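Coordinate inspection notes
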Amino acid sequence: MTFKVSSLADRPEMLGPVQDMPDTWAEFTTQDPVGNAHYPRIPVEFPEYVLFAEDEGGEIVAHAYSVPFVLHTEGREELPARGWDQVLVWAFADRRRGARPDTVSAISIVVAPHAQGLGLSGLMLSAMRDGARAKGFGEVVAPVRPNAKHLEPHTPIEEYAHRVREDGLPCDPWLRVHARAGARIERVAPASMTVSASLAEWRRWTGLPFDTRGDVEVPGALVPVRCEPDRDYAVYVEPNVWMRHAL
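Summarised in this report is the structure supplied together with it. The numbering scheme is per chain: residues are counted from 1 as the chain's sequence reads. Whole-chain, interface and lining totals are the exception, using all residues; otherwise, since this is a predicted model, local features are given only for residues with pLDDT of at least 70 and side-chain atom pairs are given and counted only at 80 or more. To obtain the side-chain values, all non-hydrogen atoms of the structure were used and water was disregarded.

Under the DSSP-based scheme used, a helix requires at least four consecutive residues in state H or I and a strand at least two consecutive residues in state E, with every element numbered from the N terminus. Counting its secondary structure elements, the protein chain contains eight helices and nine strands. Rg of the C-alpha trace for the protein chain: 18 Å, near the compact-globule value of 18 Å for 247 residues, within the 12% margin. Based on the C-alpha atoms only, the size of the protein chain along its principal axes is roughly 55 × 45 × 45 Å. Whether a residue is buried, partly exposed or exposed follows from its accessible area with a 1.4 Å probe, protein chains only, as a fraction of its type maximum: under 20%, in between, or over 50%, in that order. Burial analysis of the protein chain (247 residues in total) assigns 50% to the buried set. Within the protein chain, residue pairs in contact and separated by at least 24 positions form 72% of the contacts whose partners lie at least 6 positions apart. Carbon and sulfur atoms provide 50% of the accessible area of the protein chain, an area that totals close to 11600 Å². When we talk radius of gyration, it's over C-alpha atoms, and the globule rule is simply 2.2 Å times the number of residues to the 0.38. Between two residues, a contact is recorded if the distance between any of their heavy atoms is within 4.5 Å. Under the convention used here, a 1.4 Å probe and the Shrake-Rupley method define accessible areas, while residue burial counts only the protein chains that appear.

On to helix 8 (residues 199-206), then. All of the buried residues in helix 8 are Leu199, Trp202 and Trp205. The buried residues of helix 8 occupy an angular sector of 125° when the element is viewed end-on, so they sit on one face. Gly207 occupies a position one or two residues after helix 8 and carries a positive phi of about 75°. Note that the arc is computed from the directions linking the helix axis to the C-beta atoms.

Looking now at the side chain of Thr155. Take Thr155: it is sitting in the loop between strand 5 (139-144) and helix 6 (157-161). In terms of polar contacts, Thr155 uses its side chain to reach the side chain of Glu152, at 2.9 Å. For Thr155, the contacting residues outside a window of four places in its chain are Lys149, Tyr160 and Arg163. Pairs of N or O atoms are called polar contacts if they sit within 3.5 Å, as long as, within protein, a hydrogen donor faces a hydrogen acceptor (for residues adjacent in sequence, only side-chain-to-side-chain pairs).

Right, let's get into the packing of aromatic side chains. Two rings belonging to Phe, Tyr or Trp (six-membered ring only in the last case) form a pair when the distance between their centres is within 6.5 Å. Interplanar angles under 30 degrees mark stacking, angles over 60 mark edge-to-face geometry, and anything in between is tilted. Tallied over the entire structure, the rule returns nine aromatic pairs. With 4.6 Å between their ring centres and 10° between their planes, Tyr39 and Tyr65 make a pair best called stacked. Remark: Tyr65 occurs in strand 3 (residues 60-69) and Tyr39 occurs in the loop between helix 2 (33-38) and helix 3 (42-45); sequence separation between them is 26 residues. Between the aromatic rings of Phe46 and Tyr49, the centroid separation amounts to 6.1 Å while the plane-to-plane angle is 85°, which identifies the pairing as edge-to-face. Classification of Phe46 as buried rests on a relative accessible area of 4%. Through a chain of ring-to-ring contacts, the aromatic side chains of Phe28, Trp202, Trp205, Phe210 and Tyr236 assemble into a single cluster. Only lysine NZ and arginine CZ atoms are considered, and such an atom sits over a ring when it is within 6 Å of the ring centre and within 35 degrees of the ring normal. Positioned above the aromatic ring of Phe46, the side-chain terminus of Arg95 is 5.2 Å from the ring centre. Residue placement shows Lys135 over the ring face of Tyr49; its charged tip is 4.9 Å from the ring centre.

Here we take up the environment of Ala200. Looking at the secondary structure, you find Ala200 in helix 8. Through-space distance from the C-alpha of Ala200 to that of Ala234 is 9.7 Å; in sequence the pair is 34 residues apart.

Let us now look at the pattern of salt bridges. Should a side-chain nitrogen of Lys or Arg be within 4 Å of a carboxyl oxygen of Asp or Glu, the pair is scored as a salt bridge. Counted according to the given criterion, the structure contains 18 salt bridges. One salt bridge in this structure joins Glu186 and Arg244, with 2.9 Å as the shortest N-O distance. Pair noted here: Glu186 is in strand 6 (residues 184-197) and Arg244 is in strand 9 (residues 233-246), with a separation of 58 residues, a long-range link. By relative accessible area, Glu186 is classed as partly exposed at 32%. Within this structure, Glu139, Arg184, Glu186 and Arg244 form a network of salt bridges that share partners.

Attention shifts here to the nonpolar core. Take the buried residues of types Ala, Val, Leu, Ile, Met, Phe, Trp, Tyr and Cys, join any two whose side-chain atoms come within 4.5 Å, and each joined set is a nonpolar core. In this structure, Ile42, Ile107, Trp202, Phe210 and Tyr236 are the most contacted members of the largest nonpolar core, which totals 48 residues. Considering every element that reaches this core, the biggest residue donor is helix 4 (residues 83-97), with six residues. Here Trp202 is in contact with Phe28, Val195, Ala197, Gly207, Phe210, Val225, Ala234, Val235 and Tyr236, once residues within four sequence places are set aside. Ranked by size, the runner-up nonpolar core spans 24 residues in total, among them Ala64, Ile109, Leu175 and Met243.

On to the environment of Ile157. Take Ile157: it is sitting in helix 6. Residue Ile157 is classed as buried on the basis of its relative accessible area of 12%. Dropping the residues within four chain positions of it, Ile157 is found in contact with Pro146, Lys149, Val188, Pro239 and Val241.

Laid out in structure tokens, this is it:
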């Protein structure tokens, strides 16, 4: 099967279908307020950084979001510990003040449920790299969400991120896709995304009781969610792994 990759800048009429493409995100992962305030703006304000893939029948089967931002400036320089959240804030703040970006950050690569296992994640990552290079950028960075870490929620992210196979590639499948494309691990982003909500909301999102103080293992969560029944809230602080692609 062959796929056609386009940008929203070239085909703006595909905005709706791109936004409506089904995904497999757990409900709680879509409740980060920083992400909710910025993610929907990317295809509108940065359409040239939004790519999508169509199958032979014209159905959208994957999309990739990225944003340009200024990294090499006073007060930044280092990829942030607040990862995904922070780079979104920086990108839109830079756009607002008219700053010239020097780096592109991946934000998401999403494959439709029925199209997984066809190599689309690698295809979209390659297209993202090619697009950034064509725009004159020298690197792409990515706050990567290791997609098998949820199977080991209690394993420290530093240990997990640097675990490799006999061939030297990361054990985690998504980290491995980036490594095969030429990326290297830069650092861990220990607080890349934060979701804080009432226990009623967590119960609705997960179907779990959330009635005991302490760490709660939630399906799809990379680390346990901290539950505080006496205060009626639970907090999830997700770690990601910064990877750097030289172009």
